[in-house]
Amino acid sequence: MQLSIGILGTGWVGSSVAISVLHAGFANELLLADARTEVAEGEAMDLAHGAAFYPPTSVRAAAPDELRDTDAIVIAAGRGGKPGESRLELLRENAGLLGDIGKRLAGYRGLVVVVTNPVDVLTQVVTRTSGLPPERVIGTGTMLDTARLRQVVGRELNVAPQSVHAHVIGEHGDSEVVLWSSARAGGVPVRQWPGWRREREPELAAEVRRAATRSSGARARRTTRSAS
């Protein structure tokens, strides 16, 4: 089966999606598009040079309109959050951009995956402006929060995150909710594990919720040091 994937936006997140797609090996073609053409071209070149390390895939930079011929598009375009800025504070700027992208996707026949924050609101923006069926415009939601939670719980219990089954639901943001009552590690409810303290749960949930802000701040400091 020939599968073509397009990624719109080749910043930190878009580039991470690209390398993940390549290592997963389910695409025959990967197209990268960005408003900064030279960035997309450089990223495509770097990924193509690593062809010996993942299943055969054609990788190249493309104009945004070329992505309409793909089977799926990942939207990672837009500005990332600043240290201390909530995801909802990103809304005014990124909503306009993704609204324009949605209009250009009208009539698209593939699957659209929205990653740009605030992802829940912007998934609705793309659905509304594109006119595509809601079942074909998917937001990543709390998938990343759930992955963070599994890592945090695994660290607390000294077990592999792969053995942790716990979920974050609701908004990908400040109002998200951790389902502690159903969280399990190694098939055992975490609240039955020796040494688990329920009074630590709010602290761990806050760590998961604030992880994006902390990582954004760390990247900003690293970029500042690199430029100095």
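Right, let's walk through the structure included here. (Residues numbered from 1 in each chain as written. Predicted model: local features only at pLDDT ≥ 70, side-chain atom pairs only at ≥ 80, totals over all residues. Heavy atoms only, no water.)

**Some details on the side chain of D34**
For D34, the position within the fold is in the loop between β2 (29-33) and α2 (37-49). Separated by 2.7 Å, the side chain of D34 and the backbone nitrogen of T10 make a polar contact. If sequence neighbours within four positions are ignored, D34 has contacts with G9, T10, G11 and A40. (Helix = DSSP H or I, 4+ residues; strand = E, 2+ residues; numbered from the N terminus. Polar contact = N/O pair within 3.5 Å; in protein donor to acceptor, adjacent residues only side chain to side chain. Contact = heavy atoms within 4.5 Å.)

**Structural notes on the packing of helix α3 (residues 91-104) against helix α4 (residues 119-130)**
Between α3 and α4, whose axes approach to 8 Å, the crossing angle comes to 30 degrees. For the crossing formed where α3 meets α4, the hand is right-handed. Side by side, α3 and α4 meet where L91, N94, A95, L98, G99, G102 and K103 of the first sit next to V121, L122, V125, V126, T129 and S130 of the second. Among the residues forming the contact of α3 with α4, the class breakdown is seven nonpolar, five polar and one charged. (Axes fitted to C-alpha atoms, helices over the stretch in contact; angles between N-to-C directions. Left-handed = near helix turned anticlockwise from the far one by under 90°. Nonpolar A, V, L, I, M, F, W, Y, C, P; charged D, E, K, R; others polar.)

**Brief notes about the nonpolar core**
Counting 20 residues, the largest nonpolar core has I75, V112 and V114 as its most contacted members. Listing elements by their share of this core, those giving two or more residues are β2, β4 (72-75), α3, β5 (111-114) and α4. At four residues, α4 tops the list of elements feeding residues into this core. Apart from the residues within four sequence positions on either side, V114 is in contact with I75, L98, V119, L122, T123, V126, V137, I138, G139 and T140. (Core = buried A, V, L, I, M, F, W, Y, C linked by side-chain atoms within 4.5 Å. Buried < 20%, exposed > 50% of the residue type's maximum accessible area, 1.4 Å probe, protein only.)

**As for the environment of Q151**
Take Q151: it is sitting in helix α5 (residues 143-157). With 12 residues separating them in the primary sequence, Q151 and S163 have C-alpha atoms 9.9 Å apart.

**Topic: the environment of R155**
Relative to the helices and strands, R155 resides in helix α5. Those residues in contact with R155 that sit more than four places away from it in its chain are L204 and E207. Within the local environment of R155, its side chain forms a polar contact with the side chain of E207, the two groups lying 2.7 Å apart.

**Quick word on the pattern of salt bridges**
Where side chains of opposite charge bring their charged atoms close, a pairing between them can arise. Applying the stated rule across the entire model yields nine salt bridges. Across the pair R60 and E66 runs a salt bridge, and its minimum N-O distance is 3.1 Å. Relative accessible area serves as the criterion here: at 32%, E66 is assigned to the partly exposed category. The residue R155 makes a salt bridge to E156 at a minimum N-O spacing of 3.2 Å. Taking relative accessible area as the criterion, R155 reaches 39% and is therefore assigned partly exposed. One continuous salt-bridge network, built from bridges that share partners, spans R155, E156, R200, E203 and E207. (Salt bridge = Lys/Arg side-chain N within 4 Å of Asp/Glu carboxyl O.)

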